[in-house]
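Examining the three-dimensional arrangement
Chain by chain, the residues:
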Amino acid sequence: MADTVRFIHLNCHSAYSLLEGALPIGDLVKRAVADGMPALGVCDTANLFGALEFSEKAADAGIQPIVGCKLPVLFEEAGDEAGSGSIGTRSGQGAGAPAWMQFLCADETGYRNLVRLVTDYYLGERGRGEPLTIEQIAGFNDGLIALTGGHDGVLYPHFAESEDSRALKRLDVLSRLFGDRLYVSVERHGMRIEEFGEAGVLSAAYAMKLPIVATNEPFFPSLSDYEAHDALLAVAEGRVLSVDDRRQITPDHHFASQEAMAERFADLPEALDASVEIALRCHFRPTTIAPILPRFTKGSGDAAAAVREEAAELRRQAEAGLTERLAAHGCAPGLSEADYRERLAFELDVIERMEYPGYFLIVADFIKWAKS
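Below or above, wherever it landed, is the structure these notes cover. (Residues numbered from 1 in each chain as written. Predicted model: local features only at pLDDT ≥ 70, side-chain atom pairs only at ≥ 80, totals over all residues. Heavy atoms only, no water.)

1. Regarding the overall build of the protein chain
When helices and strands are tallied, the protein chain shows 13 helices and seven strands. Expected size for 372 residues packed as a compact globule is a radius of gyration near 21 Å; at 27 Å, the protein chain overshoots this value by more than 25%. The principal-axis extent of the C-alpha atoms belonging to the protein chain is close to 85 × 50 × 45 Å. Taken over 372 residues, the protein chain has a buried fraction of 47%. Put simply, of all contacts in the protein chain between residues at least 6 apart along the chain, 76% involve residues at least 24 apart. Looking at the protein chain as shown, the accessible area adds up to about 18200 Å², and 54% of this sits on carbon and sulfur atoms. Looking at charge distribution, the protein chain has the averaged site of its 35 positive side-chain charges lying 5 Å from that of its 57 negative ones. (Helix = DSSP H or I, 4+ residues; strand = E, 2+ residues; numbered from the N terminus. Rg over C-alpha atoms; globule rule 2.2 N^0.38 Å. Buried < 20%, exposed > 50% of the residue type's maximum accessible area, 1.4 Å probe, protein only. Contact = heavy atoms within 4.5 Å. Areas by Shrake-Rupley, 256 points an atom, 1.4 Å probe, with all protein chains shown as cover. Lys, Arg positive; Asp, Glu negative; His and termini not counted. Charge placed at Lys NZ, Arg CZ, Asp CG, Glu CD.)

As structure tokens, then:
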């Protein structure tokens with residue numbers, strides 16, 4: 001792959017990046033195929049909604065899917081001294097503000113850990129939608145490749161504000177945590193913060209002997225879609241297009257071709273090569289699996305015995321329930337108790353053939369609990 005491919009997109013935003021992504025997964029895959037990319041990475045913002053669809057569609061098209069996610073990480077507490085913020089970023093970074101990083105699944109362990117991190121983001125002890133702490137990342141980082149992010153990431157906001165010590169401190173923490181699974185992102189979309197911060201980003205990476213990787217973060221298909229996407233961002237914030245102090249990105253945040261990226265990073269060929277290297281390191285994709293239904297009874301440790309016990313218990317409860325109903329309400333006109341018993345036996349036979357008795361017993365117990 002490395003001999004023929006010049007660049008791999010690692011952090012595309014699909015339409016599942018709600019109110020900011022405008023690239024349907026099918027369109028993303030088609031564009032990768034058309035450009036000759038053998039692999040493709042999707043890092044939707046704070047969710048994995050499209051992971052399975054992306055995995056299936058990419059694999060069907062002969063594209064290696066790289067599943068990832070963009071998540072906010074909190075490095076300092078709000079009481080720390082903040083920078084001036086004169087350059088400006090998406091997250092308004094300063095102390096206490098999150099840095100947005102990309103995490104890519106290298107293997108199944110990484111995918112499981114990423115699922116856990118996304119779950120913690122929404123349901124963790126810190127509350128819904130709170131940035132992840134370094135401690136949380138440390139507990140679930142195995143199998144994940146970390147990218148430092150672009151204009152709203154770990155480094156650019158601080159180097160752009162000449163807060164070198166804060167940026168270096170963050171980079172040191174991540175380097176200790178991820179080792180050779182950490183890559184320093186370099187992005188060139190023509191944003192002021194990128195222009196002001198790039199020298200510091202590159203200098204820090206070289207000084208700490210960390211690999212740099214060229215990334216692009218596409219949000220929409222092509223240059224011609226920029227204005228429509230800008231309108232989407234305005235709608236997402238409830239603002240009008242004429243307002244300047246709202247979130248805006250650039251026309252270069254589109255799905256750029258390998259040729260375009262190679263030209264953009266002609267002076268940093270190692271950054272282009274790293275995008276291919278990362279793709280080679282990622283060798284897992286989520287797939288569909290058969291439903292795993294819980295057992296209602298252990299059946300003395302024997303699965304076959306458990307199935308038989310569940311079927312018998314469901315039949316016992318169903319027949320007892322029918323007896324109670326008939327005693328309370330009687331039979332409908334034209335029907336006898338035998339008709340009801342025959343119909344019940346038919347339905348139970350169907351449930352048993354499908355091996356669903358345990359499922360029905362669990363639902364029945366839940367309903368009883370809910371009513372109690």
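Alright, that's what it looks like, and here's the rest.
2. Re the packing of aromatic side chains
Within the structure shown, the criterion is met by seven aromatic pairs. Residues Tyr121 and Tyr122 carry aromatic rings whose centres are separated by 4.8 Å and whose planes lie at 80° to one another, so their mutual orientation is edge-to-face. (Phe/Tyr/Trp six-rings, centres within 6.5 Å; stacked < 30°, edge-to-face > 60°.)

3. Section: empty space enclosed by the protein
Scanning the entire structure with this criterion turns up one cavity of 30 Å³ or more. Taken as a whole, the largest cavity holds about 60 Å³ of empty space. For the largest cavity, the full set of lining residues is Val42, Asp44, Asn47, Leu48, Phe49, Gly50, Ala51, Phe54, Val67 and Gly68. Looking at the lining of the largest cavity residue by residue, the classes come out as six nonpolar, three polar and one charged. (1 Å grid on protein atoms, 1.4 Å probe; cavity = no way out; pocket = protein on both sides within 12 Å on 5 of 7 lines; lining within 4 Å. Points joined across faces, edges and corners; volume = space filled by probe spheres on them. Nonpolar A, V, L, I, M, F, W, Y, C, P; charged D, E, K, R; others polar.)

4. What about the pairing of strand 6 (residues 182-187)?
Most of strand 6 is tucked away, with six of its six residues classed as buried. Taking every second residue as pointing to the same face, both faces of strand 6 are buried, with Leu182, Val184 and Val186 on one and Tyr183, Ser185 and Glu187 on the other. One ladder, built from two bridges, connects strand 5 (residues 144-147) with strand 6; its direction is parallel. Note on strand 6: the bridge partner recorded for Leu147 is Tyr183. Across four bridges, the pairing between strand 6 and strand 7 (residues 212-215) is parallel. Residue pairing for strand 7: Ser185 is matched across the bridge by Val213. (Pairing = 2+ DSSP bridges.)

5. Let's talk about the environment of Leu268
Examined against the element boundaries, Leu268 turns out to sit in the loop between helix 9 (258-264) and helix 10 (269-281). Sequence separation between Leu268 and Val186 is 82 residues, and the spatial gap between their C-alpha atoms is 9.6 Å. For Leu268, the contacting residues outside a window of four places in its chain are Val186, Arg188, Leu202, Tyr206 and Ile212.

6. A word on the pattern of salt bridges
Opposite charge on two side chains lets them pair, provided their charged atoms get close. This model, assessed by the stated rule, comprises 21 salt bridges. Between Asp349 and Arg315 there is a salt bridge, with its nearest N and O atoms 3.1 Å apart. One end of the pair, Asp349, is in helix 12 (residues 337-353); the other, Arg315, is in helix 11 (residues 303-329), with 34 residues separating them in the sequence. Judged by relative accessible area, which is 33%, Asp349 ranks as partly exposed. (Salt bridge = Lys/Arg side-chain N within 4 Å of Asp/Glu carboxyl O.)

7. Considering the environment of Arg341
Along the chain, Arg341 falls in helix 12. Considered as a pair, Arg341 and Thr323 are 18 residues apart in the sequence and their alpha carbons are 9.4 Å apart. Ignoring anything within four residues of it in the chain, the contact list for Arg341 reads Glu319, Leu322 and Thr323.

8. Remarks on the side chain of Asn113
For Asn113, the position within the fold is in helix 3 (residues 108-123). Those residues in contact with Asn113 that sit more than four places away from it in its chain are Phe140, Asn141, Asp142 and Leu144.

9. A closer look at the packing of helix 1 (residues 25-34) against helix 2 (residues 51-60)
The N-to-C vectors of helix 1 and helix 2 enclose an angle of 35°; their axes lie 10 Å apart at closest approach. In the crossing of helix 1 with helix 2, the sense of the turn from one axis to the other is right-handed. In this structure, helix 1 contributes Ile25, Gly26 and Val29 to the contact, and helix 2 contributes Glu53, Phe54, Lys57 and Ala58. A per-class count over the contact of helix 1 with helix 2 returns four nonpolar, one polar and two charged. (Axes fitted to C-alpha atoms, helices over the stretch in contact; angles between N-to-C directions. Left-handed = near helix turned anticlockwise from the far one by under 90°.)

10. A look at the layout of surface pockets
Within this model, the largest pocket holds a volume of roughly 650 Å³. Gln317, Ala318, Gly321, Ala364 and Lys368 are the residues nearest the centre of the largest pocket, which is lined by 19 residues in total. Elements represented by at least two residues in the lining of the largest pocket include exactly helix 11, helix 12 and helix 13 (357-371). The element that contributes the greatest number of residues to the lining of the largest pocket is helix 11, accounting for nine residues.

11. A word on the packing of helix 11 against helix 12
The interhelical angle for the contact between helix 11 and helix 12, taken along N-to-C directions, is 155°, at an axis separation of 11 Å. As summarised for this structure, helix 11 and helix 12 are arranged roughly antiparallel, according to the angle between their axes. In the crossing of helix 11 with helix 12, the sense of the turn from one axis to the other is right-handed. Contacts from Ala311, Leu314, Arg315, Ala318, Glu319, Leu322, Thr323 and Leu326 in helix 11 reach Glu337, Tyr340, Arg341, Leu344, Ala345, Leu348, Asp349, Ile351 and Glu352 in helix 12. Looking at the contact of helix 11 with helix 12 residue by residue, the classes come out as ten nonpolar, one polar and six charged. (Parallel < 35°, antiparallel > 145°, perpendicular 65-115°, else oblique.)

12. Section: helix 7 (residues 192-207)
Given a rise of 1.5 Å per residue, 16 residues ought to cover 22 Å, and the 24 Å separating the end C-alpha atoms of helix 7 matches this to within 8%. If you look at helix 7, its biggest bend is around 45°, right at Glu198. Looking only at helix 7, the buried set comprises Ile193, Glu194, Gly197, Glu198, Gly200, Val201, Leu202, Ala204 and Ala205. Of the surrounding elements, those touching the buried residues of helix 7 are helix 5 (156-160), helix 6 (164-178), strand 6 and strand 7. The first or second residue beyond helix 7 is Lys209, which carries a positive phi of 55°. (Expected span 1.5 Å × (residues − 1). Bend = angle between axes of the 7 residues up to and from the residue.)

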